[in-house]
Amino acid sequence: MSNDMNNQIDFLYETLSKVKSKQQFKDLFDDLCTYKEIEAMAQRLQSAKLLIEGETYEKIIETTGISSATLSRVNKCVKYGKGYKSVLNK
């Protein structure tokens with residue numbers, strides 16, 4: 001990844017860290033993302049929450065409509081990543 005792209009990504013993270021309210025997040029995401037991108041992030045987050053709560057793949061797919069391939073990736077991140085665990089309570 002280029003240095004310029006790394007700087008852009010760092011700027012994104014810095015900007016997100018400045019958001020102080022749910023309404024600010026909504027307003028920023030409405031400007032920054034398409035509705036489909038927001039839906040996809042919401043679907044992944046809900047799926048991670050359900051995985052942490054011990055739900056089965058079948059139930060999560062039925063509940064959220066997530067694809068099995070995406071759910072597999074979310075599961076890997078829940079098990080080995082840091083992000084979901086840092087924001088979703090077990």
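As shown above, the structure is provided for reference.
Residues numbered from 1 in each chain as written. Predicted model: local features only at pLDDT ≥ 70, side-chain atom pairs only at ≥ 80, totals over all residues. Heavy atoms only, no water.

J.: Is there a simple way to explain the overall build of the chain in this structure?
T.: Summing up its helical and strand segments, the chain has six helices and zero strands in all. Beginning at the N terminus, the succession of helices and strands in the chain can be written as α-α-α-α-α-α. Principal-axis analysis of the C-alpha atoms places the extent of the chain at approximately 40 × 30 × 25 Å. Burial analysis of the chain (90 residues in total) assigns 18% to the buried set. Expressed as a percentage of contacts within the chain between residues at least 6 apart in sequence, the contacts between residues at least 24 apart total 31%. Counting only carbon and sulfur atoms, one obtains 54% of the accessible surface of the chain, whose full area is about 7100 Å². On the chain, the mean spot of the 14 positive side-chain charges and the mean spot of the 12 negative ones are 7 Å from each other. (Helix = DSSP H or I, 4+ residues; strand = E, 2+ residues; numbered from the N terminus. Buried < 20%, exposed > 50% of the residue type's maximum accessible area, 1.4 Å probe, protein only. Contact = heavy atoms within 4.5 Å. Areas by Shrake-Rupley, 256 points an atom, 1.4 Å probe, with all protein chains shown as cover. Lys, Arg positive; Asp, Glu negative; His and termini not counted. Charge placed at Lys NZ, Arg CZ, Asp CG, Glu CD.)

J.: Looking at this model, I keep getting lost on the pattern of salt bridges. Mind explaining?
T.: One side chain can pair with another of opposite charge once the charged atoms of both are near each other. Per the stated rule, a full pass over the model turns up three salt bridges. The shortest N-O distance in the salt bridge between Lys-36 and Glu-39 comes to 3.5 Å. You can see Lys-36 and its partner Glu-39 sitting in helix α3 (residues 35-52), three residues apart, about one turn around the helix. Exposure remark for Lys-36: the relative accessible area of 61% places this residue in the exposed category. According to the relative accessible area criterion, Glu-39 is partly exposed, its value standing at 34%. As a salt-bridge pair, Lys-49 and Glu-53 come within 2.8 Å of each other at their nearest N and O atoms. Assessed through its relative accessible area of 35%, Lys-49 is described here as partly exposed. (Salt bridge = Lys/Arg side-chain N within 4 Å of Asp/Glu carboxyl O.)

J.: Before we go on, may I ask you to explain the layout of surface pockets in this structure?
T.: Which parts of space are left empty comes out when a probe the size of a water molecule is rolled across the atoms. Here the largest pocket is characterised by a volume of approximately 650 Å³. Residue lining of the largest pocket: 21 residues in total, with Phe-29, Met-41, Ala-42, Leu-45 and Tyr-84 positioned closest to the centre. Secondary structure elements with two or more residues in the lining of the largest pocket: α1 (3-17), α2 (22-32), α3, α5 (68-80) and α6 (83-87). In terms of residue count, the dominant contributor to the lining of the largest pocket is α3 (five residues). Considered as a void within the structure, the second largest pocket measures approximately 180 Å³ in volume. Residues of the lining of the second largest pocket, tallied by class, amount to three nonpolar, no polar and three charged. (1 Å grid on protein atoms, 1.4 Å probe; cavity = no way out; pocket = protein on both sides within 12 Å on 5 of 7 lines; lining within 4 Å. Points joined across faces, edges and corners; volume = space filled by probe spheres on them. Nonpolar A, V, L, I, M, F, W, Y, C, P; charged D, E, K, R; others polar.)

J.: Even after reading the chapter, I still don't get the side chain of Thr-64, so can you show me in this structure?
T.: Its location among the elements puts Thr-64 in helix α4 (residues 57-64). Among the polar contacts made by the side chain of Thr-64, one reaches the main-chain amide nitrogen of Ile-66 at a distance of 3.2 Å. If we skip the residues at most four places from it in the chain, Thr-64 touches Gln-43, Gln-46, Ser-47 and Leu-50. (Polar contact = N/O pair within 3.5 Å; in protein donor to acceptor, adjacent residues only side chain to side chain.)

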